[in-house]
Amino acid sequence: MSTLVVLQQMGVIVILVAIGIILYKKQVVDNTVSQKISVIVMDICNPALILASILSGNVTATHKDLLTSIILGAIFYFGLVILGFVMPILLRAEKDIRRFFNLMTVYTNVGFIGIPVARAILPENAILHVIVCNVMYSLLFYTHGITVLSNGKEKMNLKNVFSPGTIMAVISLIVCWFKLTPPLIISNSVSYIGNATVFLSMVLLGVSIARSDVGKGFREIRLWGYILLRLILLPVAMFIILRALGCEKNAVLGFCLMAAMPVGNLPLIQSEKIGEDTELLSKAITVTTVVSMITITILMMVFSYYSQ
């Protein structure tokens, strides 16, 4: 994957996001419509895209590759959990908002944004590592994430772990492991549904940016410290470490891309559910999403160049 390919594909994503902004400004897509489309993307299109990536036949990962990815994914998220406790201290965050920075550090947008972007700019085999990250994310959020957000007051909800995305990710790993081939009618249907993901998810991202007070978020100095540490230095550190460990190119690019993702939506949704103040999370999602379009482009161009 050349740096030119990354630049071109990220340019396509920027255009799709711009379409979402225009559609919102012209009131073609309002808050109600975007909410309904979000459900379609999260529960149908995104899971289908995960499976379609495996069924395409272009993912040629071996059992060793899959096991290696699971081990790296577990280490990656274990490291994020540790960093989640350290990050608020480094940013000198007040005690009442430290848990939010904790969640922002661990739970970035590896699904809603991560999967479409990975599909657009990474080699086919790298999608395996993206799927593993999504499984780890779901397992952690409804256990560790819920506990951190509620300061230990709310019990873990294992039932919520089994979301459509998690179930499909696990199925995809099983299909990859056993080299299963479903009937053509199934694989084609999954492919057509999955192909809608990139456009719809990027349009929704544009809608989210259009309805947010971006300027207010950009004036939050502490968020810039978070961006430097979490969205730039962490992916760079991961790239250096994974290369030093001799990991193959697809694993390096896949995990480094996941490390560069902006703040995810689940912490915000869960905070709203239990009546927490979500202003910080809302600003963080908006600012990091906008900035990540630049940081991801630059980082992946650099990583691709030095991975050749």
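### Let's talk about the nonpolar core
Buried together is how nonpolar side chains tend to be arranged in soluble globular proteins. Counting residues in hydrophobic clusters, the biggest one holds 97 residues, and the most contacted among them are Tyr77, Phe101, Leu122, Tyr226, Leu257 and Met300. Top contributing element to this core by residue count: helix α6 (residues 127-149), with 15 residues. Not counting the four nearest positions on each side in its chain, tyrosine 77 is found in contact with Val106, Val110, Cys133, Met136, Tyr137 and Leu140.

### Notes on helix α11 (residues 221-244)
In an α-helix, one full turn covers 3.6 residues, which means residues spaced three or four apart are oriented alike. If you check α11, its first and last C-alpha atoms are 34 Å apart, about what 24 residues at 1.5 Å a residue would give, namely 34 Å. Among all positions in α11, only Leu223, Tyr226, Ile227, Arg230, Leu231, Leu234, Pro235, Met238, Phe239 and Leu242 are buried. Those residues of α11 that are buried are in contact with α3 (63-90), α4 (98-106), α10 (214-218), α12 (249-259) and α14 (279-307). Remark: glycine 246 follows α11 within two positions and exhibits a positive phi of approximately 80°.

### A short note on the pattern of salt bridges
Scanning the entire structure with this criterion turns up five salt bridges. Between lysine 283 and glutamate 220 there is a salt bridge; the shortest N-O distance is 2.8 Å. Remark: glutamate 220 occurs in the loop between α10 and α11 and lysine 283 occurs in helix α14; sequence separation between them is 63 residues. Classification of lysine 283 as buried rests on a relative accessible area of 14%. Glutamate 279 serves as the salt-bridge partner of lysine 283, at 3.8 Å between the closest nitrogen and oxygen. Residue lysine 283 and its partner glutamate 279 are both found in helix α14; the two are separated by four residues, about one turn of the helix. You can call glutamate 279 partly exposed: its relative accessible area is 36%. Here the residues in one salt-bridge network are Lys216, Glu220, Glu279 and Lys283, joined through shared partners.

### Topic: unusual backbone geometry
Non-glycine residue glutamine 27 carries a positive phi angle of around 60°. Given a relative accessible area of 69%, glutamine 27 falls into the exposed group. For lysine 179, which is not glycine, the phi dihedral falls at a positive 55°. Inspection of the secondary structure assignment puts lysine 179 in the loop between α7 (164-178) and α8 (184-195).

### Considerations on the packing of α3 against α6
Running from amino to carboxyl end, α3 crosses α6 at an angle of 40°, the nearest separation of the two axes being 9 Å. The orientation of α3 relative to α6 falls into the category oblique. The way α3 lies across α6 gives a crossing that is right-handed. On α6, the residues touching Asp65, Leu66, Ser69, Ile70, Gly73, Ala74, Phe76, Tyr77, Val81 and Phe85 of α3 are Leu128, His129, Val132, Cys133, Met136, Tyr137, Leu140 and His144.

### Structural notes on a nonpolar patch on the surface
On the surface, a cluster of nonpolar side chains totalling about 500 Å² of accessible area is made up of Phe78, Ile82, Phe85, Val86 and Leu90. Relative to the assigned elements, isoleucine 82 resides in helix α3. Assessed through its relative accessible area of 44%, isoleucine 82 is described here as partly exposed.

### Considerations on the packing of aromatic side chains
Under the counting rule described, the total for this entry stands at eight aromatic pairs. Their ring planes at 65° and their centres at 5.1 Å tell us that phenylalanine 76 and tyrosine 77 sit as a pair that is edge-to-face. The residues phenylalanine 76 and tyrosine 77 share a single accessibility class, namely buried. Plain terms: the ring middles of phenylalanine 218 and tryptophan 224 are 5.6 Å apart, the flat faces sit at 40° to each other, and that makes the pair tilted. The class for phenylalanine 218 is partly exposed, based on a relative accessible area of 25%. Three or more aromatic residues link up through ring pairs in this structure, and these residues are Phe76, Tyr77 and Phe255.

Cut-offs and rules
- Residues numbered from 1 in each chain as written.
- Predicted model: local features only at pLDDT ≥ 70, side-chain atom pairs only at ≥ 80, totals over all residues.
- Heavy atoms only, no water.
- Core = buried A, V, L, I, M, F, W, Y, C linked by side-chain atoms within 4.5 Å.
- Buried < 20%, exposed > 50% of the residue type's maximum accessible area, 1.4 Å probe, protein only.
- Helix = DSSP H or I, 4+ residues; strand = E, 2+ residues; numbered from the N terminus.
- Contact = heavy atoms within 4.5 Å.
- Expected span 1.5 Å × (residues − 1).
- Salt bridge = Lys/Arg side-chain N within 4 Å of Asp/Glu carboxyl O.
- Axes fitted to C-alpha atoms, helices over the stretch in contact; angles between N-to-C directions.
- Parallel < 35°, antiparallel > 145°, perpendicular 65-115°, else oblique.
- Left-handed = near helix turned anticlockwise from the far one by under 90°.
- Patch = residues over 30% accessible without salt bridge, like charges linked within 9 Å, V, L, I, M, F, W, Y side chains within 5 Å.
- Areas by Shrake-Rupley, 256 points an atom, 1.4 Å probe, with all protein chains shown as cover.
- Phe/Tyr/Trp six-rings, centres within 6.5 Å; stacked < 30°, edge-to-face > 60°.

Purely geometric stuff here, so don't read any function into it on its own.
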